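# Examination of the molecular architecture
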Amino acid sequence: MLDKTYRPAEVEPRIYAAWEAAGAFRPRPGGAPFCIMLPPPNVTGSLHMGHALDQTIQDVLVRFQRMRGREVLWQPGTDHAGIATQMVVERKLAAEGKDRRTLGREAFLREVWAWKEQSGGTIVRQMRRLGASCDWSRERFTMDEGLSRAVRRAFVLLYRAGLVYRDKRLVNWDCALETAVSDLEVQNREVDGKLWYIRYPIEGEPGRAIVVATTRPETMLGDTGVAVHPDDPRYRDLVGRFAVLPLVGRRLPIVADPATDPEKGTGAVKVTPAHDFADFAIGRRHGLEAIAILDSRGRLNDAVPEPYRGLDRFEARARVVADLEAQGFLVKVEPWRHVVPYGDRSGTPLEPFLTDQWFCEVKGLAERAIAAVREGRTRFVPKAWETTFFNWLEAIQPWCISRQLWWGHQIPAWYGPDGRIFVAEEEEEAFRLARAHYGADVPLVRDPDVLDTWFSSALWPFSTLGWPERTPELEKFYPTDVLVTGFDIIFFWVARMMMLGLFCMNEVPFRDVYIHGLVRDERGKKMSKTLGNVVDPLELVDKYGADALRLALLAATEQGRDVRFGESRVEGWRNFVTKLWNAARFAELNGARWQPDFAPHACRLPLNRWIAGEISALARRVTEALLDYRLSEATMALYHFVWDDFCDWWIELAKPLLAGDDPEARAETQATGGFVLARVLHLLHPFAPFVTEELWRTLFGAPGGLLVLAPWPEEREPFFDASAAEELGWLVRAIGAIRAARTELNVPPSARLALLQQGASPVTRARLERYREAFERLARIGAIELEERPVPRHAIVVVVDETTFALPVGEVVDLERERERLAREIAKTRAELDRLERRLADSAFLARAPAEVVEESRERLSELARNRARLEAALARIA
C-alpha cells in the first residue's frame, strides 16, 4: 500500500543503494555501445547548479539509452585541478603554521595526497544524491598511474613530432601563485587607473625630450627603446637617435614601428620587451634587449638601480613616480580607465613575464579539428556553436603547457650537464638516451615544472579507457557518442580534446557535442556570491527531492539559451511529483494493476482507447525529442500528459466507470489505468528516476526487475483511434472552455449554470447526451438544454467547433461590471505593450542595456501579448 505522502529523503538513499547493489550502472553486453565521458569536476569542488544541470542532462541521456538496450558506459572521474588544489592545501598548511617551501616538494605532495584521500571525494558523493548513474567501478582520477602514463606518452609523442618545445617567451605570470597561466585563465577587468606622461631627454640635444605615456611607470626601469610611427612627422628626425632613460641613464634607441598609434597618447611609446606583449614583438623586430626587472613574486630584482631593489611592484610604482616628479621628468597625470589582466584563481593582477616555458604548437592540430567538424565527423548541437569553435581555432596561438607548480604531472624531461634535454616516458629511458649521447653515465636533473591541468584533461576521452594500451574498452567505446558541456569551456576543453584525440587516436573523441547554457537567476543574472543569488542544489534536494530539482532544470533547458532558475521552479515540480504520486494512489485504491498482456486494441470504451493513443503518441514524442537533445520539449510533453491528459481528464472521466455497475467497463478501465501509469513511469524514469523506481516497485511489484534496467517503450506499432481521439478531444475542449470562461468572468464555483446551445450537429447533440454526467460534474452544469433557442442577455458565450454554448449568469455575476473590468485591464495591458515595443525598437536601448535586461523585456512582451489575447477573448464571451 502506497504511503499517503511521498518522502524523497527516505526513498532516495534506499533506491540508489539498490541500483548500486544490482550493478545497474555497469555496461551490459548485447547492445550497441553508447558512451558519455563525465566532464571531470575538480577534486576540490562541491556540487553547484552548473554541475547539477550538466550531470542531469547526461544522466537523462544514459538512462534513456540504457533502457533502449544500448551497452552504456558513463565514465566518471575527477580532475586533479593543479592550481586550485595546491592553493587549498597551501591554505590548510598556513593555518597549521607550515609553508610549502619549508616542507619541500616530496613532503608537500604527500600532504596533497593525504588531503585528496580525506576530502577529495565530496563532489562524487554529492553526484549520487542527484541520481547520477555513472559506472562508479571505473571511477578515475587524472593523477592515477594509468592516466599519468597516458600523459607522459602523449607528451613524448608530441615532442618527437616536433610539436612540443621549450622557448623563452613572455607569458601571463601570476605573482601570487608564482606560475605561468594560459590566456584562457585571464580575467580582463576594467579599472580606474592613471596615465603618467614622462619626459625622456634626447641624447646630445639639451632641453629636448620625447614624452611617453604609461599606465605602469615602474616598468620603465626595464625600458630598452622608444618607438614612434614611421609616418609621424613629429618624430621623423629622432628615428635612429637615442633617448636617455630617466632614473637609470640607459641609452634607448628610438625606432620607427607601424605597431604604434600616432593618435594615442603622445604617439611615442616606451618599449619594455620583457614586460609587455606588444613591446616584446617590437623588441624582436628591432633587436632590442629584453631586461627582466621582476622576480617570480613581483618584486624588483637586481637589474634595477639599488634604491628600487626588493620593492613590491606596486610599492615600486609609487617610488618611481615620486622620484620622476622630484627630478622634473613627470609632465602630467590623467585619470585613465583601462583593462588590467587578473588571474582567475588568485584574483591578483598578472604580469607579462619573460621566462623559459614549454609550448605546444597547435596550429596544425587545430586545422585537423576544424576539418573534422566541417566534414560532419563531430557535430555541435546547437550548430551555431560551430562558429565559435572555428573562430577560436583559426586564431589559435602556441599553447603554454608548463606550470611552475608542484602538484600535477611533472614534465617528463631531464637536463644533462650541458643543458641538453632528454624527453622520455620513464627516468630509465632518459638515462639510456643520455648515455647514448654522452658515451657515459652522467647526472640528469628533471624539469621541476608540471603540465597545465588542461593537458591531462584533453586526453580524458581515451586515457580513461586504457590508452596507450589498446584495451577492449577503448576499442568498444571510442569515439564516444556525445559530450555534454557548457559553452564556457569550448576553448579550455572541447577544442583541446578534439586536437589531442585526433593526434593520439587519429579519430575524433565524440560524435556529438551538446552545448547547454549557464544557470542564471530568475532575472537572468549570473549567479555569484557577491550578488547573493547563488542557489545550493543540495539544499533544494533536501527540501524538495532530487527529482523535483532535475525536472526543474530540464524544463528550463532550451537549446542555445541560458537557464533562468529559482527555487519557485523546484517547488512547482515538487507539486508535479506529488500529483504523480496521488495518481498512483488513486490507481491502487481503484484496482488498477499492471497486466503484461494488456492490448489497447482490445479496449471498447472511447475514453480508454483515447488515453492509450495519447500515451503511444507521447512515447514517440519523448523518444524523438531525446534523440535530438530537445530536453525541455520532452520534459514538458511528459508534464502535460501526466497533469492534463491523465490526471485532469482520464482519471476524472474514469471515476464513474470505476465506481459503476458495469464489471466489463470497470475491468477494462482498471487495466487501462495500470497500463498507462506503467508506461508513464518508464517514459519519466530518465527524468525523475527516484519516484518512478519507487512506484514501479510498490505499485506494480517491479515485474521483470528494476525500472532502471527495464526496456524503453519503443512504439513499433503505435496505437491510435481517430474516432476516440476526436470524441475525447471535443469533450476536453468543450468542458475546458466552459471552465475557463467561468474562471475568467469570476463565476462562483458553487453556481450550477444551465448550458444552452445553438448550431449543434446531431453528433454534438449525441455527445452532450452521452457525456451529460461529465458536464454536470466537471463544468458545474445544472442542466443541459438540447433544444435550440436564442442566446439570452447576461450570458457567457463559448464557441466550440460548430456549436455556440451559452451560460446564463445574470443572477450570479454582474456582467456589466466584468465588462468594465476587462476593458480596463485590456487598456492597461495595451499601454504596457506599446511602451515595451517602443523600448525594444530603440537601437540606443539595445546597445546600452545588459543582455539579461533585453531578454527580460522580450519575455515580458510575449507574456503581455498572451495576456491581452486572453482578456480580449474573455470580453468577447460576454453576450
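Check the entry above for the structure.
Structure report, in brief.

What counts, and where the lines are drawn
Starting from 1, residues in each chain are numbered consecutively following that chain's sequence as written. This being a predicted model, a pLDDT of at least 70 is required before a residue's local features are given, and a value of 80 or more before pairs of side-chain atoms are given or counted; all residues contribute to the totals for chains, interfaces and linings. Computation of side-chain values covers all heavy atoms of the structure but excludes hydrogens and water. Secondary structure elements follow DSSP: runs of H or I no shorter than four residues count as helices, runs of E no shorter than two count as strands, and numbering proceeds from the N terminus. In what follows, a contact means two residues having at least one pair of non-hydrogen atoms within 4.5 Å. Every accessible area reported is derived by Shrake-Rupley at a probe size of 1.4 Å, with residue values counting cover from the shown protein chains alone. Asp and Glu count as negative and Lys and Arg as positive, but His and the ends of the chain are not part of the count. For charged residues, the charge sits on one atom: NZ in Lys, CZ in Arg, CG in Asp, CD in Glu. Stacked, tilted and edge-to-face are the three classes applied to pairs of Phe, Tyr and Trp rings, where Trp contributes its six-membered ring and a pair requires centres within 6.5 Å; stacked means planes under 30 degrees apart, edge-to-face means over 60, and tilted covers the rest. Think of it in three bands: with a 1.4 Å probe and only protein chains considered, a residue is buried below 20% of the maximum accessible area for its type, exposed above 50%, and partly exposed in between. Two strands form a pair only when DSSP identifies at least two bridges running between them. To get an axis, a line is fitted to the C-alpha atoms, and for a helix only the part in contact is used. The angle between two axes follows their N-to-C directions and goes from 0 to 180 degrees. Note on terminology: a nonpolar core comprises buried Ala, Val, Leu, Ile, Met, Phe, Trp, Tyr and Cys residues joined through side-chain atoms within 4.5 Å. Cavity means a closed set of points on a 1 Å grid over the protein atoms alone, one where a 1.4 Å probe fits but cannot get out, pocket means an open set with protein on both sides within 12 Å along at least 5 of 7 lines, and lining means a residue has an atom within 4 Å of a point. Grid points are joined across faces, edges and corners, and a volume is the space filled by probe spheres set on the points. With its strands directed away from the observer, a crossover is right-handed exactly when the path from the first strand over the helix to the second travels clockwise. The salt bridge criterion pairs a side-chain nitrogen of Lys or Arg with a carboxyl oxygen of Asp or Glu, the two atoms within 4 Å. Angle categories: roughly parallel below 35 degrees, roughly antiparallel above 145, roughly perpendicular from 65 to 115, and oblique for all the rest. Each residue after the first adds 1.5 Å to the expected span of a helix.

When you go through the chain residue by residue, the secondary structure sums to 29 helices and 29 strands. Considering only residue pairs separated by 6 or more positions, the chain has 77% of its internal contacts joining residues 24 or more positions apart. Summed over its atoms, the accessible surface of the chain is roughly 37800 Å², and 50% of this surface lies on carbon and sulfur atoms. Where the 119 positive side-chain charges of the chain centre and where its 128 negative ones centre are 1 Å apart.

In this structure the tally under the stated criterion is 34 aromatic pairs. On the numbers, 5.8 Å between centres and 70° between planes, the contact of tyrosine 16 with tryptophan 19 is edge-to-face. Here the residue tyrosine 16 and the residue tryptophan 19 both occupy positions in helix 1 (residues 8–21), the gap between them amounting to three residues, near one helical turn. When its relative accessible area of 6% is taken as the criterion, tyrosine 16 is described as buried. On the basis of an interplanar angle of 90° and a centroid distance of 5.9 Å, the ring pair of phenylalanine 462 and tyrosine 478 is categorised as edge-to-face. Taken together, the residues phenylalanine 462 in helix 14 (residues 460–463) and tyrosine 478 in the loop between helix 15 (472–477) and strand 22 (480–486) connect sequence positions 16 residues apart. Under the relative-accessibility criterion, phenylalanine 462 is labelled buried at 0%. By relative accessible area, which is 8% here, tyrosine 478 ends up buried.

Taken in spatial order, the four strands make up an open sheet running 27-26-29-28, and their pairing is mixed. Two strands close off the open sheet at either side, each with one partner strand: strand 27 (781–784) and strand 28 (795–800). Strand-to-strand twist across the sheet, computed as the mean angle between neighbouring axes with direction ignored, equals 30°. Bridge analysis of strand 28 against strand 29 (residues 803–808) gives six bridges, and the strand direction is antiparallel.

Phe565, Phe646, Phe687 and Phe775 are the most contacted members of the largest nonpolar core, which has 144 residues in total. No other element matches the 14 residues that helix 21 (residues 631–659) contributes to this core. By size, the runner-up hydrophobic cluster in this structure holds 63 residues, among which are Leu365, Ala369, Val373 and Trp399.

The peptide bond linking tryptophan 467 to proline 468 adopts the cis configuration, its omega dihedral lying at 20°. Tracing the backbone shows proline 468 in the loop between helix 14 and helix 15. The peptide bond linking tyrosine 478 to proline 479 adopts the cis configuration, its omega dihedral lying at 0°. Tracing the backbone shows proline 479 in the loop between helix 15 and strand 22. Its identity is not glycine, yet asparagine 506 carries a phi of approximately 55°, on the positive side.

Quick look at empty space enclosed by the protein now. Scanning the model with the defined rule gives one cavity of 30 Å³ or more in all. In this structure, the largest cavity encloses a volume near 50 Å³. Residue lining of the largest cavity: Ala583, Phe586, Ala587, Asn590, Ala592, Phe646, Trp650, Ile651, Leu658, Thr669, Gln670 and Gly673, and that is the complete set. Looking at the lining of the largest cavity, the element that brings in the most residues is helix 21, giving four residues.

Counting buried residues along strand 1 (residues 33–37), four of its five residues qualify, which places the element largely inside the surrounding structure. Of the pairings in the sheet, the one linking strand 1 to strand 2 (residues 71–75) comprises five bridges and is parallel in character. Counted as the bridge partner of isoleucine 36 is tryptophan 74 from strand 2. The parallel pair strand 1 and strand 2 is bridged by helix 2 (residues 49–67), and the resulting crossover is right-handed.

Below, the discussion takes up the pattern of salt bridges. With the rule as written, the count across this model stands at 76 salt bridges. A salt bridge links glutamate 429 to arginine 160, with the shortest nitrogen-to-oxygen separation between them at 3.0 Å. Here arginine 160 lies in helix 7 (residues 145–160) and glutamate 429 lies in helix 12 (residues 427–438), a separation of 269 residues in the sequence. One salt bridge connects arginine 860 with glutamate 832, and the closest N-O pair in it is separated by 3.1 Å. One end of the pair, arginine 860, is in helix 29 (residues 851–876); the other, glutamate 832, is in helix 27 (residues 815–840), with 28 residues separating them in the sequence. Members of the salt-bridge network, linked through shared partners, are Lys92, Glu96, Lys98 and Glu111.

Two elements in contact, helix 20 (residues 606–627) and helix 24 (residues 722–744), have axes separated by 8 Å at closest approach and are oriented at 95°. The orientation of helix 20 relative to helix 24 falls into the category roughly perpendicular. Mapping the contact onto sequence places Pro606, Leu607, Arg609 and Trp610 in helix 20 and Ala724, Ala725, Glu727, Leu728 and Val732 in helix 24.

This paragraph deals with the environment of arginine 140. Position of arginine 140 relative to the elements: it lies in strand 4 (residues 140–141). With 265 residues separating them along the chain, arginine 140 and leucine 405 place their C-alpha atoms 22 Å apart.

Before going further, it helps to examine the sheet that holds strand 16 (residues 399–400). Paired through backbone hydrogen bonds, the strands of a sheet run either parallel or antiparallel to each other. In space, the four strands of this open sheet follow the order 6-5-14-16, with antiparallel pairing throughout. The sheet terminates laterally at strand 6 (179–181) and strand 16, the two strands that pair on one side only. The pairing of strand 5 (residues 164–174) with strand 6 spans three bridges and is classified as antiparallel. In the strand pairing of strand 6, asparagine 172 is matched with valine 181.

Over its 26 residues, helix 27 runs 37 Å from end to end, which matches the ideal 38 Å to within 8%, given 1.5 Å per residue. Taken residue by residue, helix 27 has Leu815, Glu818, Arg821, Leu822, Ile826, Thr829, Leu833, Leu836 and Leu840 as its buried positions. Where the residues of helix 27 are buried, they touch helix 24, strand 28, helix 28 (843–848) and helix 29.

Among the seven residues of strand 22, six are classified as buried, and the element is accordingly described as predominantly covered. Note: strand 22 against strand 23 (residues 510–516), six bridges, orientation parallel. Bridging from a neighbouring strand, valine 482 pairs with aspartate 512 of strand 23. Each parallel crossover has a hand, and for strand 22 linked through helix 16 (residues 490–505) to strand 23 it is right-handed.

Quick look at the environment of valine 800 now. One can find valine 800 in strand 28. Each C-alpha atom, one on valine 800 and one on serine 119, is 64 Å from the other, the two residues being 681 residues apart in sequence. In contact with valine 800, not counting residues within four places along its chain, are Trp730, Arg733, Ala734, Ala737 and Phe805.

Let us now look at helix 2. For helix 2, built from 19 residues, the straight-helix expectation of 27 Å at 1.5 Å per residue is met to within 8% by its first-to-last C-alpha distance of 27 Å. Most of helix 2 is tucked away: 18 of the 19 residues are buried. Phi turns positive, to about 95°, at glycine 69, one or two residues after helix 2.

Our next topic: the environment of alanine 243. Within the element layout of this structure, alanine 243 appears in strand 10 (residues 242–244). Overall, alanine 243 belongs to the buried group, its relative accessible area being 0%. For the pair alanine 243 and glycine 45, spaced 198 residues apart in sequence, the C-alpha separation works out to 53 Å. Discounting residues that sit within four places of it in the chain, alanine 243 has contacts with Tyr200, Pro201, Ile202, Glu203, Ile210, Val226, Arg250, Arg251, Leu252 and Ile254.

Limitation: the analysis is restricted to geometry and does not speak to function.
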